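Residues per chain, in single letters:
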Amino acid sequence: MYVDIGNALSSVATPGVSRASLERLDERVAAAHERIERGIEDREFGYAALALPEDTDADAIESAVEPLVELDVDAVLTVGIGGSALGAATVSGALGPGRAGTFHLDNVDPQRTARLLDDLPLADTAVHVVSRSGTTAETLSNFLVVREAYEREGVDWTERTVVTTGPDGPLRALSEQEGLPALDVPEGVPGRFSALSTVGLVPAAIQGHDVAGLLAGGRAGRESLAGSLFDCPAYAYGAVSYALEQRGATQQVCMPYAEDLEYFAEWFAQLWAESLGKDGLGQTPVRALGATDQHSQLQLYRAGRHDKQVTFVRPRDRPDVPIPDTDVEGLSYLGGSSLGDLLDAEFEATEASLAAAGLPNVRVELDALDAESVGELLYGFEAACVLVGELMGVETFTQPAVEWGKRAARGLLGGGEFEEADAVAEKERLL
Ligand code: PA5
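Thresholds applied
- Residues numbered from 1 in each chain as written.
- Predicted model: local features only at pLDDT ≥ 70, side-chain atom pairs only at ≥ 80, totals over all residues.
- Heavy atoms only, no water.
- Disulfide = S-S within 2.5 Å.
- Salt bridge = Lys/Arg side-chain N within 4 Å of Asp/Glu carboxyl O.
- Helix = DSSP H or I, 4+ residues; strand = E, 2+ residues; numbered from the N terminus.
- Buried < 20%, exposed > 50% of the residue type's maximum accessible area, 1.4 Å probe, protein only.
- Near = heavy atom within 4 Å.
- Polar contact = N/O pair within 3.5 Å; in protein donor to acceptor, adjacent residues only side chain to side chain.
- Areas by Shrake-Rupley, 256 points an atom, 1.4 Å probe, with all protein chains shown as cover.
- Nonpolar A, V, L, I, M, F, W, Y, C, P; charged D, E, K, R; others polar.
- pLDDT = per-residue confidence, 0-100.
- Patch = residues over 30% accessible without salt bridge, like charges linked within 9 Å, V, L, I, M, F, W, Y side chains within 5 Å.
- Lys, Arg positive; Asp, Glu negative; His and termini not counted.
- Charge placed at Lys NZ, Arg CZ, Asp CG, Glu CD.
- Phe/Tyr/Trp six-rings, centres within 6.5 Å; stacked < 30°, edge-to-face > 60°.
- Lys NZ or Arg CZ within 6 Å of the ring centre and 35° of its normal.
- Pairing = 2+ DSSP bridges.
- Axes fitted to C-alpha atoms, helices over the stretch in contact; angles between N-to-C directions.
- Contact = heavy atoms within 4.5 Å.

Attention now goes to the state of the cysteines. Enumeration according to the criterion identifies zero disulfides in this entry. A disulfide-free cysteine, Cys254 has its sulfur positioned 12 Å from the sulfur of Cys385, the nearest such atom.

Structure (structure tokens):
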């Protein structure tokens, strides 16, 4: 992973960060790095995520999914939400369909769920049900609906389902009752940091993607952690993001220039918001896509408030499509070029236009959208996020606000006595 922070410097951007202040910040980066290393070594809660590339057993995942691979399924349906879905969606999105297309059922919108289940060839679809807690209402409800759809079609869902969950909870009980193959979520790893584990890698394994390669990329990210932001791309990104937030860049726009990284932006938004949105702090993540959003949001980024940092992400290499020659007046300049050349030109023009307007932006590049680079990218952003959390002094690995909402919803549905549900019921109605 390559990180270029030049356009975030105060010589270019406002807010921006000076070299001198980065050098001062580097002392705190060194201390944070020591803390992170200790946490990784001891597999402390949360920090254990940064040990996943070493701890995840690719062979165990491959053998758990072997019966599904033998069924030669055409599709993999992930039933999970938040951190239990976005890692898998990001990996599968970035690496493509492989030998089976991927679908995700996270939300509980009845219309979308019904349509998806109507469209999917269930006899040729494997299901991966994921919930660390095993209690999340959306996931469990969706799974019950999916199960019934299989039964209605007379298709044996037990042969096509694999579960990933924690040691206890209703999902574990259900998998034991039905004799389903069940993988463990790794201990000490919050959902949004679990992409490089069973949680994120099962669909990739069913699709035939290079799981070992993804983990090797993660290990390269691990090996690149160092006690100075000037020696570590992930920490350079994290430190600059932290410094910019302190100086007023309260929004963080993640703008990949690759359709296949659209889910990455969504994954990033969850990682950044749920980990760092604490104690009145944290950048608000915004998802954008180049070149599409050049035709909409770019106006605001260039000419609106200077309360943003834009992070561009792109692969350096990708398959290309030539643009055919044409003698139509005004179009001939496109002929002989390619869609990749055009996208690169759009990327560079947008980056330069923001720099010219003084809006801080950072360029992140990977070699290509292959397993190693994607593994390294995920690891790098997780490490960056952990560093920002250390510098901010927040509890990166908890999500009390998310848990509040989950308990309130369960309470409202009669799933237990939760005081959060009372707060919902007490809402004052003005109209
Ligand atoms: O990152 C997190 O902790 C959350 O986004 C969870 O992954 C999400 O709420 C789903 O939880 P669970 O895996 O327990 O169903």
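Once you've had a look at it, read on.
For side chains of opposite charge, pairing can occur when their charged atoms come near one another. Evaluation of the coordinates by the stated rule reveals 19 salt bridges. Here Glu41 and Arg222 are joined by a salt bridge, their closest N and O atoms 3.8 Å apart. Here Glu41 is found in helix 1 (residues 19–41), whereas its partner Arg222 is found in helix 9 (residues 211–223), with 181 residues between them in sequence. Arg222 sits in the buried class, given a relative accessible area of 13%. Here the salt bridges do not stand alone but share partners, grouping Arg314, Arg316, Arg318, Asp344, Glu348, Glu351, Arg363 and Glu365 into one network.

In the vicinity of the ligand lie 14 residues, with Ser84, Ser131, Ser133, Thr136 and Gln270 positioned nearest. The separation between an oxygen atom of the ligand and a polar side-chain atom of Ser133 is 2.7 Å. Within the side chain of Glu274, a nitrogen or oxygen atom sits 3.2 Å from an oxygen atom of the ligand. Contact with the protein chains hides 93% of the accessible area of the ligand, taken as 380 Å² for the molecule alone. Of the residues assigned to the shell around the ligand, the class counts are one nonpolar, nine polar and four charged.

Next up on the list: the confidence of the model for the protein chain. Residues at a pLDDT of 70 or more form 99% of the protein chain, whose mean pLDDT is 95. Two numbers describe this predicted complex: its pTM, 0.95, and its ipTM, 0.98.

Together, Asp57, Asp59, Glu62, Glu66, Glu70, Asp210 and Glu372 line one region of the surface with negative charge. Of the residues forming the negative patch, the biggest block, four residues, is contributed by helix 3 (residues 58–70). With respect to the helices, strands and loops of the structure, Asp210 is situated in the loop between helix 8 (198–207) and helix 9. By relative accessible area, Asp210 is classed as partly exposed at 40%.

So, about the packing of aromatic side chains. Applying the stated criterion to the full structure yields 12 aromatic pairs. Here the aromatic rings of Phe143 and Trp157 are separated by 5.8 Å at their centres, their planes lie at 80 degrees, and the arrangement is edge-to-face. Highlighted residues: Phe143 in helix 6 (residues 137–152) and Trp157 in the loop between helix 6 and strand 5 (161–165), separated in sequence by 14 residues. We note that Phe143, like Trp157, is buried. Through successive ring pairs, a cluster of aromatic residues spans Tyr237, Phe264, Trp267, Phe268, Trp272 and Phe381. A cation over a ring is seen here: Arg314 above Phe347, with NZ or CZ 3.9 Å from the ring centre.

Once that is clear, we can look at the sheet that holds strand 8 (residues 284–287). Strand order in the open sheet formed by five strands is 1-10-9-7-8, with mixed pairing between adjacent strands. Single-partner strands in this sheet number two, and they are strand 1 (2–4) and strand 8. With direction set aside, neighbouring strand axes in the sheet form an average angle of 20 degrees. Two strands pair when backbone bridges link them, and strand 9 (residues 308–317) and strand 10 (residues 361–368) are joined in this way by seven bridges, in the parallel orientation. Along strand 10, the bridge assignment pairs Arg314 with Glu365. The strands that helix 10 (residues 233–246) touches are strand 1, strand 7 (251–256), strand 9 and strand 10; relative to strand 9, the one it contacts most, it runs at about 160 degrees. Strand contacts of helix 11 (residues 262–276): strand 7, strand 8 and strand 9, with the helix running at about 175 degrees to strand 8, the strand carrying the most contacts.

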